[in-house]
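# Geometric and topological summary
Read off the chains here:
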Amino acid sequence: MTINETVKRFNSIFDMNRSEGQTKANFGVGLTSDIGQLKQAGNGVTVLGSTRCDSWDVARELLSRLRNEGFHVEPEPAEQKAFQIFVYLYVKDYK
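Not measured: the values here are computed from a predicted model. (Residues numbered from 1 in each chain as written. Predicted model: local features only at pLDDT ≥ 70, side-chain atom pairs only at ≥ 80, totals over all residues. Heavy atoms only, no water.)

Within the protein chain one finds three helices and four strands. If you list the helices and strands of the protein chain from N to C, you get α-β-α-β-α-β-β. Sequence-distant contacts, at least 24 apart, represent 81% of the contacts inside the protein chain between residues at least 6 apart. For the protein chain, the accessible surface area stands at approximately 5,900 Å², while carbon and sulfur atoms represent 45% of it. (Helix = DSSP H or I, 4+ residues; strand = E, 2+ residues; numbered from the N terminus. Contact = heavy atoms within 4.5 Å. Areas by Shrake-Rupley, 256 points an atom, 1.4 Å probe, with all protein chains shown as cover.)

Generally speaking, nonpolar side chains in soluble globular proteins are found buried as a group. Counting 19 residues, the largest nonpolar core has V29, L31, L66, F71, V87 and L89 as its most contacted members. When residues of this core are traced back to their parent elements, those giving at least two are α1 (3-17), β1 (27-32), α3 (56-69) and β4 (85-92). Sorting elements by how many residues they give to this core places α3 first, with five residues. With near-sequence residues (within four places) excluded, V29 lies in contact with L63, L66, F71, H72, V73, E74, V87, Y88, L89 and Y90. Formed by six residues, the second largest nonpolar core is a distinct cluster that contains V47, F86, Y88 and Y90. (Core = buried A, V, L, I, M, F, W, Y, C linked by side-chain atoms within 4.5 Å. Buried < 20%, exposed > 50% of the residue type's maximum accessible area, 1.4 Å probe, protein only.)

Compared with an ideal rise of 1.5 Å per residue, which puts 14 residues at 20 Å, α3 spans 20 Å between its outermost C-alpha atoms and is within 8% of the ideal. The set of residues buried in α3 consists of W56, A59, L62, L63 and L66. All buried residues of α3 project into a common sector of 120° when viewed along the axis, lining one side. Residues of α3 that are exposed and point over 90 degrees away from its buried face: D57 and N68. Immediately beyond the C-terminal end of α3, within one or two residues, lies G70, with a positive phi of roughly 110°. (Expected span 1.5 Å × (residues − 1). Arc of directions from axis to C-beta.)

Looking now at the confidence of the model for the protein chain. Residues at a pLDDT of 70 or more form 89% of the protein chain, whose mean pLDDT is 88. The least confident element of the protein chain is helix α2 (residues 35-40), whose mean pLDDT is 83; the most confident is α1, at 97. (pLDDT = per-residue confidence, 0-100.)

Set out below in structure tokens:
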């Protein structure tokens, strides 16, 4: 999936999942090397979508584009040795 396609997909996911009064700033974007573990962690984060990036450069460009779209972007990890890089869209569970 290209960066443009991913941005469109994440925007569509946002439109389908937002509640009244929520903006893109209420939804976050982050990086992980293990999307399966993240989905099962039970850490109060609901993963709504993800994409695998071919490189850190592609991941950084995607994060930049999503930030420009208005999404909250998590800081990049200090150590970037992962072979798999996933960018994911989430909304924190509100209780």
